[in-house]
Amino acid sequence: MSVSTAALDPSVCAPLPVLGQDVTVPLVTGGEVTYAALDYAASAPALQRVWDDVAAYAPYYGSVHRGAGYLSQLSTDLFENSRRTVAEFLGCRPEDQVVFTRSTTDSLNLLAAAIPANCQVFVYETEHHASLLPWRDAQVTYLNAPRTPGQAVETLERALADRDPHGPALVCVTGASNVTGELWPVKGLAAAAHAHGARIVLDAAQLAPHHPVDIAELDVDWVAFSGHKLYAPFGSGVLAGRADWLQAAEPYLAGGGASRKVARRADGGVDVDWHTTAARHEAGSPNVIGVYSIASACKALTEAGFDNLVAREQELVSRVREGLAEVPEVQVLSLFGDDAPRVGVISFVVRGWNSSHFAAALSAEYGIGVRDGLFCAHPLVRTLLGSDPQDPGECGAPEAEPGERSLNAIRVSFGAGTPDEHIDRFLRAVTELVREGAQWKYRTEDGRCVPDRGEAPQV
């Protein structure tokens, strides 16, 4: 997935326009500053192009698939054209289905509900909880965190070699870590899975916004991702890939749209003929605007040129990593080492600082939005921090007071809409906070570290 940065046109590599670029926020020390959104890994700001497309369509909104009116037919065409746009964006094979969901979490829970009986599922402990937890009705094998991409493949091959070769099996793996940003060896893992008769689903929530994702080229069976991480503003997601398990499974939701025919039986019951298309798992009135926003984002990223977007992001990644390396108190978290390719997601801890305290100071004193906690990847963060898996600690709810060690980390994440100034301000803020300390006093309130409005600043 490497992309050359040679001979790039700087004008082509400018940040893409996103909503909120001119939003100002108050500083606890006085005055206001333009907000630096550096929490893309949680939710990326919507592209201006996407917002404009949705606004242009909004007056023509209508319910899809069964309406006779012009707006309903127009909306149906837009909805199904969006499905084709997403399929093209993902490099889907002709026989693949694109199912629209609410999010990556929803997509993987849908697949978990569709896996055959007695399916063995293999998941690394390094996964986001959306990938780690849905497999409650399956035989799950949790794999230890690998320390190299090669070790990841070897670990999977050993685990698959020990499984029952006659039953169905599924491997679930992330494309890019939501904690370290590191790229996983997806093609190698797919080859290992298929060599042992297993299938593989790719959690592309953090990969799709940063790199091209091609189902056929990666040779994965399914891909799942969320619109709100792909610069789309609404609550929609995608599960794309093989149709057979989805067609054989009971509908994820039972209701209108999923059924082709419903009839009463003589005994008083009901017979249902379910769709075999993607509609089988899209019961109810779909989020047409959310789906269209995903398709619009796919088009915008493709037209902007992924090579240029990736190259510019890699420049930002290098600047952040080099800047953090100049602060000895900062420890960047990594599974695969400094040379591992990664997207614009970097987590770190600062010696002598509670992570929530540091993140709160970045926000209150510099107008910078980052994330602190365990990032819904508790086992991975605890492994990276060298703590016991049973240690306490929750996402965004540290128990330590400001200045005390916490079991959490700080995450900075960025992408196609990030201006250079946001990166510069972040690195300056990290250096100043470590060297000079916070200018304000902070306290813990409802599990969060917040400025103490009743205290004078520390000057």
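Residues numbered from 1 in each chain as written. Predicted model: local features only at pLDDT ≥ 70, side-chain atom pairs only at ≥ 80, totals over all residues. Heavy atoms only, no water.

A. Just the pattern of salt bridges, in detail. One pass over the full model with this rule turns up 26 salt bridges. Between Arg-242 and Asp-221 there is a salt bridge, and its shortest N-O distance comes to 3.3 Å. Here Arg-242, found in the loop between strand E10 (237–241) and helix H8 (244–248), pairs with Asp-221, found in the loop between helix H7 (215–218) and strand E9 (222–226); they are 21 residues apart in sequence, far enough to count as distant. Taking the relative accessible area as the measure of exposure, Asp-221 reaches 3% and is therefore buried. (Salt bridge = Lys/Arg side-chain N within 4 Å of Asp/Glu carboxyl O. Helix = DSSP H or I, 4+ residues; strand = E, 2+ residues; numbered from the N terminus. Buried < 20%, exposed > 50% of the residue type's maximum accessible area, 1.4 Å probe, protein only.)

B. Structural view of the pairing of E9. A large share of E9 lies buried, amounting to five of its five residues. In the sheet, strand E8 (residues 199–203) pairs with E9 via three bridges, with the strands oriented parallel. Bridging across to E9, Asp-203 finds its partner in Ala-224. Relative to E10, E9 runs antiparallel, the two being bridged by five bridges. Each residue of the ladder has a partner; that of Phe-225, found in E10, is Val-238. (Pairing = 2+ DSSP bridges.)

C. Inspection of the packing of helix H1 (residues 48–57) against helix H9 (residues 288–304) at higher detail. Packing of H1 against H9 brings their axes to within 9 Å, and their N-to-C directions diverge by 140°. Between H1 and H9, the angle is such that the two are oblique. The two elements H1 and H9 cross, and the hand of that crossing is right-handed. Judged by residue contacts, Arg-49, Val-50, Asp-53, Val-54 and Tyr-57 of H1 engage Val-288, Ile-289, Tyr-292, Ser-293, Ser-296, Ala-297, Lys-299, Ala-300 and Glu-303 from H9. A breakdown of the residues in the contact of H1 with H9 according to their chemical character gives eight nonpolar, two polar and four charged. (Axes fitted to C-alpha atoms, helices over the stretch in contact; angles between N-to-C directions. Parallel < 35°, antiparallel > 145°, perpendicular 65-115°, else oblique. Left-handed = near helix turned anticlockwise from the far one by under 90°. Contact = heavy atoms within 4.5 Å. Nonpolar A, V, L, I, M, F, W, Y, C, P; charged D, E, K, R; others polar.)

D. Representation of the packing of helix H10 (residues 306–325) against helix H13 (residues 420–436) in the model. At a minimum axis distance of 10 Å, the contact between H10 and H13 shows a crossing angle of 10°. When the interaxial angle is binned, H10 and H13 end up roughly parallel. Taken together, the residues of H13 that come into contact with H10 (itself represented by Arg-312, Leu-316, Arg-319, Val-320, Gly-323 and Leu-324) are Asp-420, Ile-423, Asp-424, Phe-426, Leu-427 and Val-430.

E. Highlighting the nonpolar core. Counting 83 residues, the largest nonpolar core has Leu-90 and Phe-225 as its most contacted members. If you tally residues by element for this core, the top one is H9, at eight residues. For Phe-225, the contacting residues outside a window of four places in its chain are Val-86, Leu-90, Ser-103, Thr-104, Ala-204, Ala-205, Ala-208, Leu-230, Gly-237, Val-238 and Ile-294. One finds Val-320, Ala-364, Ile-368 and Val-434 within the second-largest nonpolar core, a separate group that totals 36 residues. (Core = buried A, V, L, I, M, F, W, Y, C linked by side-chain atoms within 4.5 Å.)

F. Expanded view of H1. Every buried residue of H1 is accounted for by Val-50, Val-54 and Tyr-57. Looking straight down H1, one finds that the buried residues subtend no more than 65° of arc, so they occupy a single side. (Arc of directions from axis to C-beta.)

G. Molecular detail of the sheet that holds strand E7 (residues 169–174). Within the open sheet, the seven strands sit side by side as E4-E10-E9-E8-E7-E5-E6. Their pairing is mixed. Unpaired on one side and paired on the other, strand E4 (97–101) and strand E6 (139–143) mark the two borders of the sheet. Pairs of neighbouring strands in the sheet enclose a mean axial angle of 20°, with direction left out of account. Examined bridge by bridge, E4 and E10 share five bridges and lie antiparallel to one another. For Phe-100, the partnering residue across the bridge sits in E10 and is Val-238. The strands touched by helix H3 (residues 104–114) within the sheet are E4, E7, E8, E9 and E10, with E9 carrying the most contacts at an inclination of about 150°.

H. Main features of the packing of aromatic side chains. All chains considered together, the criterion is met by 12 aromatic pairs. Taken together, a centroid distance of 5.3 Å and an interplanar angle of 35° make the contact between Trp-222 and Trp-245 tilted. Placement of the pair is Trp-222 in strand E9 and Trp-245 in helix H8, with a sequence separation of 23 residues. The pair Trp-222 / Trp-245 is uniform in exposure class, with both members buried. Among the aromatic residues, those joined into a ring-pair cluster are Phe-348, Trp-353, Phe-358 and Phe-426. (Phe/Tyr/Trp six-rings, centres within 6.5 Å; stacked < 30°, edge-to-face > 60°.)

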